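Tertiary structure, described
Listed below are the residues making up each chain.
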Amino acid sequence: MGRSAHFFVMEREKLIQEVWDLAEPVVLARGMELVEVEWQRERRGWVLRLYIDKPGGVTLGDCVRISEVVGDLLDARDLIHHSYHLEVSSPGLERPLRKKEDFERFAGDRVRIELREPLSGRKSFTGTLKGLSGESVVLEVAEGEVLIPYQAIKKARLKPENIF
């Protein structure tokens, strides 16, 4: 990765963390959970996307309320110095798993995990989540159980079977 690309990644991660720190208390205060924050360039320009959830799922009204409050906070803090689109939505059926608690909470569900570096020659695993063991995620795959160091995980998502 070139120097300017590395700088962009660091700035992107810093912005995501700042938005997370700003938005999470707002979301929690309304009885919901902040699942993920994304910042990326798309065809229509820069998009800041927040995924929220609560037991029973979120409504359009929940998304609108969070969007309004977080949008006002972002404007007041002036974190983003160019135009962008703010989107707030449900994480959907393929919900991202980000926090350690997620790997306990969704034990028994089918997941796909992508790693930063290969483990046993593989960078992705799909199987049944068994939970945590120390600092590792336990996943049941076709070959048996595999322990995946939590810090090695790049992305993890629920992967429900037979959605329709």
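Residues numbered from 1 in each chain as written. Predicted model: local features only at pLDDT ≥ 70, side-chain atom pairs only at ≥ 80, totals over all residues. Heavy atoms only, no water.

**As for the pairing of strand E3 (residues 85–89)**
Examined bridge by bridge, strand E2 (residues 45–53) and E3 share 5 bridges and lie parallel to one another. From the neighbouring strand, Tyr51 faces E3, where its bridge partner is Ser89. The handedness of the E2 to E3 crossover, carried by helix H2 (residues 60–77), is right-handed. (Pairing = 2+ DSSP bridges. Helix = DSSP H or I, 4+ residues; strand = E, 2+ residues; numbered from the N terminus. Right-handed = clockwise from strand over helix to strand, strands pointing away.)

**Brief notes about the packing of aromatic side chains**
In total, this model carries 3 aromatic pairs according to the counting rule given. A centroid spacing of 4.9 Å and a plane angle of 15 degrees characterise the contact between Trp39 and Trp46, whose relative ring orientation is stacked. Site record: aromatic cluster; members linked through ring pairs are Trp39, Trp46 and Tyr84. Positioned over the ring face of Trp20 is Arg98, at 4.0 Å from the centre of the ring. (Phe/Tyr/Trp six-rings, centres within 6.5 Å; stacked < 30°, edge-to-face > 60°. Lys NZ or Arg CZ within 6 Å of the ring centre and 35° of its normal.)

**As for the sheet that holds strand E6 (residues 136–141)**
Ordered by their spatial adjacency, 5 strands build an open sheet running E7-E6-E5-E4-E8, and the pairing between neighbours is antiparallel. Both edges of this open sheet fall to strand E7 (144–149) and strand E8 (153–158), since each of them pairs with a single strand only. For this sheet, the mean angle separating the axes of adjacent strands, direction not counted, is 40 degrees. (Axes fitted to C-alpha atoms, helices over the stretch in contact; angles between N-to-C directions.)

**Side note on the pairing of strand E4 (residues 110–119)**
Bridging between E4 and strand E5 (residues 122–133) involves 6 bridges; their strand directions are antiparallel. Within the sheet, the bridge partner assigned to Leu119 lies in E5 and is Arg122. Between E4 and the antiparallel strand that follows it, E5, lie 2 residues; Ser120 among them carries a positive phi value of about 55 degrees. In terms of strand pairing, E4 meets E8 through 5 bridges, oriented antiparallel. Across the sheet, residue Glu114 finds its bridge partner in E8, namely Lys155.

**Here's the deal with a positive patch on the surface**
On the surface, a cluster of positive charge is contributed by Arg116, Lys123, Lys154 and Lys155. Inspection of the secondary structure puts Lys123 in strand E5. (Patch = residues over 30% accessible without salt bridge, like charges linked within 9 Å, V, L, I, M, F, W, Y side chains within 5 Å. Areas by Shrake-Rupley, 256 points an atom, 1.4 Å probe, with all protein chains shown as cover. Salt bridge = Lys/Arg side-chain N within 4 Å of Asp/Glu carboxyl O. Lys, Arg positive; Asp, Glu negative; His and termini not counted. Charge placed at Lys NZ, Arg CZ, Asp CG, Glu CD.)

**Focus: the sheet that holds E3**
Pairing in this open sheet of 3 strands is mixed, and the strands run E1-E2-E3 from one edge to the other. Strand pairing shows two members of the sheet lacking a second neighbour, strand E1 (33–42) and E3, which therefore form its edges. Shown here is a sheet whose adjacent strand axes are inclined to one another by a mean of 15 degrees, direction ignored. For E1 and E2, the ladder comprises 9 bridges, and the chain directions are antiparallel. By the bridge assignment for E2, Leu34 is matched with Ile52. Running over the sheet, H2 touches E2 and E3 and is turned about 145 degrees from E3. (Contact = heavy atoms within 4.5 Å.)

**Considering a negative patch on the surface**
Together, Glu68, Asp72, Asp75 and Asp78 make up a region of like negative charge exposed at the surface. Residue classification places Asp75 among the exposed positions, given a relative accessible area of 58%. (Buried < 20%, exposed > 50% of the residue type's maximum accessible area, 1.4 Å probe, protein only.)

**Considerations on the environment of Thr126**
With respect to the helices, strands and loops of the structure, Thr126 is situated in strand E5. In this structure Thr126 comes out as partly exposed when scored by relative accessible area, which is 28%. Put simply, Thr126 and Leu158 are 32 residues apart on the chain and 9.5 Å apart in space, counted from C-alpha to C-alpha.

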